[in-house]
Amino acid sequence: FRDRNGNIFRLAYSGIIKSSNKGIDWYYKNNGINTDDMGYAFACDSSGNLYYGTYMGNIYKSTNEGENWTLVRNGANPQAFLFSISVSPKNNYIYAASDREGLFKSTNEGMTWENIFPELDGNTVYVNQKGEVFAFDYNGGIFYSNDEGNNWINITNNLDHINVKDVKEDSKGNLILATWDGLYISDDPILNVDNKYNDLLYSYSLSQNFPNPFNPSTKIKYTLPKQGLVTIKIFDVLGIEIKQLINEEKPSGEYEVEFDGSSLSSGIYFYQIQTGEYFDTKKMVLMK
């Protein structure tokens, strides 16, 4: 992430890392942050304030380019991950999406927060240049508001299968959605969204598990361009196999498998897929 002064910020398992010289040097900037509460969301408003959202649903604010942080929202549910923060360029209103608590709004730079969409299983929120708000549900719903979140219109249409991870806006105001399934783009987000990159569905891929960190279960998605024998295994940090999730013949397509870590202790684990010549491994964190 970049702020308006060109500083670069990265979210790490142990807090926030900042570079003020285009990524040559990096320093931790965690003054005021609980580093056991891993971050996921980050945003900057037009005044230069920074906002940092965490897996425990907390939001921290910095008014001095990340040198110091103040807790401005204390998450009520420690398992309600705060996945996304977006600031309206129209009026600096802040919107924050939580997967178990809904969608929150602050009209005073984070001093107070109002839950404006408690039914939302919040995955991503985005405010475009016009100040229109788009809220994306973890289960696939897409909702639109043109009055700062007071009223919502369901514009999911035929896109109830997608899980939006990030949203960008191009110079023409088109929205680009990054999903588990690939990229979607729209020149009229209220009416229609087209999948411009369907071919991404037909290549080998292993997605990052979601949620991550997780407790006690998480989901892993993968895609296959052709039929073949698929194995997915779980390993601990020592490389010891913990569990075999999949070991069967699968036709081409997109799949999802759930991993339950109830019997395991907190820590870092790895999941690995192998099918034909394709082989990939990713890291996940169990946090109880």
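Quick caveat, the model's predicted, so the values are computed rather than measured.

### Description of the pairing of strand E10 (residues 102–106)
And then number 1: Along E10, five of the five residues are buried, which leaves the element largely enclosed by surrounding structure.
And then number 2: Here strand E9 (residues 94–98) runs beside E10; their pairing, made up of five bridges, is antiparallel. Paired with Tyr 95 across the strands is Lys 105, a residue of E10.
And then number 3: The turn joining E9 and E10, which pair antiparallel and follow one another in sequence, is formed by three residues.

### Concerning the sheet that holds strand E5 (residues 50–54)
And then number 1: Pairing in this open sheet of four strands is antiparallel, and the strands run E4-E5-E6-E7 from one edge to the other. Two strands close off the open sheet at either side, each with one partner strand: strand E4 (39–44) and strand E7 (70–73). Sheet twist, expressed as the average angle between the axes of neighbouring strands with direction ignored, equals 30°.
And then number 2: Where strand E6 (residues 59–62) and E7 come together, three bridges link them in antiparallel fashion. Residue pairing across strands places Lys 61 opposite Thr 70, the latter belonging to E7.

### What to know about the packing of aromatic side chains
And then number 1: Scanning all chains against the criterion turns up 18 aromatic pairs.
And then number 2: Ring geometry for Tyr 204 and Tyr 278: centres 5.0 Å apart, planes at 5°, overall stacked. Within this pair, whereas Tyr 204 is found in the loop between strand E19 (192–195) and strand E20 (205–206), its partner Tyr 278 is found in strand E26 (residues 278–286), the two being separated by 74 residues in sequence.
And then number 3: The class of Tyr 204 is partly exposed, set by a relative accessible area of 26%.
And then number 4: Measuring from centroid to centroid gives 5.4 Å for Tyr 222 and Tyr 255, while their planes differ by 20°, and the two rings are stacked.

### So, the pattern of salt bridges
And then number 1: Within the structure shown, the criterion is met by nine salt bridges.
And then number 2: In this structure, Glu 67 engages Lys 18 in a salt bridge whose closest nitrogen and oxygen atoms are separated by 3.2 Å. You can see Glu 67 sitting in the loop between E6 and E7 and its partner Lys 18 sitting in strand E2 (residues 15–19), a full 49 residues away along the chain.
And then number 3: Given a relative accessible area of 5%, Lys 18 falls into the buried group.
And then number 4: Among the ionic pairs, Lys 233 bridges to Glu 241, the shortest N-O distance being 3.8 Å.
And then number 5: You can call Glu 241 partly exposed: its relative accessible area is 40%.
And then number 6: One network of salt bridges, with partners in common, ties together Lys 18, Lys 29 and Glu 67.

### Describing the sheet that holds strand E12 (residues 122–127)
And then number 1: Across the sheet, four strands lie side by side as E12-E13-E14-E15; this open sheet has antiparallel pairing. Both edges of this open sheet fall to E12 and strand E15 (153–154), since each of them pairs with a single strand only.
And then number 2: Bridge count between E12 and strand E13 (residues 133–137): five bridges; the pairing is antiparallel. The partner of Gly 122 across the bridge, within E13, is Asp 137.

### What to know about the nonpolar core
And then number 1: Grouped together as the largest cluster of nonpolar side chains are 20 residues, with contacts concentrated most on Tyr 222, Ile 232 and Leu 245.
And then number 2: At the level of elements, strand E21 (217–224), strand E22 (228–236), strand E23 (241–250), strand E24 (253–260), strand E25 (267–275) and E26 are the ones that each hand at least two residues to this core.
And then number 3: Not counting residues within four places of it along the chain, the set of residues in contact with Tyr 222 comprises Ser 205, Leu 206, Val 230, Ile 232, Ile 246, Lys 250, Gly 253, Glu 254, Tyr 255, Val 257 and Ile 273.
And then number 4: By size, the runner-up hydrophobic cluster in this structure holds 13 residues, among which are Ile 142, Ile 155, Leu 175 and Leu 177.

### Side note on the pairing of strand E16 (residues 164–169)
And then number 1: Sheet topology note: the E16/strand E17 (residues 175–179) ladder contains five bridges and is antiparallel. Bridging across to E17, Val 167 finds its partner in Leu 177.
And then number 2: Hairpin connection between E16 and E17: a loop of five residues separates the two successive antiparallel strands, and Gly 173 in this loop has a positive phi of roughly 85°.

### Notes on the environment of Thr 156
And then number 1: Checked against the element boundaries, Thr 156 lands in the loop between E15 and E16.
And then number 2: Distance from Thr 156 to Phe 136, taken between C-alpha atoms, is 9.2 Å for residues 20 residues apart in sequence.
And then number 3: Leaving out residues up to four positions away in the same chain, Thr 156 has contacts with Gly 140, Gly 141 and Ile 142.
And then number 4: For Thr 156, the side chain forms a polar contact with the main-chain nitrogen of Ile 142, separated by 2.8 Å.
And then number 5: Looking at Thr 156, its side chain comes within polar contact range of the side chain of Asn 154, at 2.6 Å.

### Concerning unusual backbone geometry
And then number 1: Residue Asn 212 is joined to Pro 213 through a cis peptide bond whose omega torsion reads 0°.
And then number 2: Across the junction of Asn 215 and Pro 216, the peptide omega takes the value -5°, indicating a cis bond.
And then number 3: Residue placement: Pro 216 occurs in the loop between E20 and E21.
And then number 4: For Glu 65, which is not a glycine, the phi torsion comes out positive at approximately 60°.

The rules behind each value
- Residues numbered from 1 in each chain as written.
- Predicted model: local features only at pLDDT ≥ 70, side-chain atom pairs only at ≥ 80, totals over all residues.
- Heavy atoms only, no water.
- Buried < 20%, exposed > 50% of the residue type's maximum accessible area, 1.4 Å probe, protein only.
- Helix = DSSP H or I, 4+ residues; strand = E, 2+ residues; numbered from the N terminus.
- Pairing = 2+ DSSP bridges.
- Axes fitted to C-alpha atoms, helices over the stretch in contact; angles between N-to-C directions.
- Phe/Tyr/Trp six-rings, centres within 6.5 Å; stacked < 30°, edge-to-face > 60°.
- Salt bridge = Lys/Arg side-chain N within 4 Å of Asp/Glu carboxyl O.
- Core = buried A, V, L, I, M, F, W, Y, C linked by side-chain atoms within 4.5 Å.
- Contact = heavy atoms within 4.5 Å.
- Polar contact = N/O pair within 3.5 Å; in protein donor to acceptor, adjacent residues only side chain to side chain.

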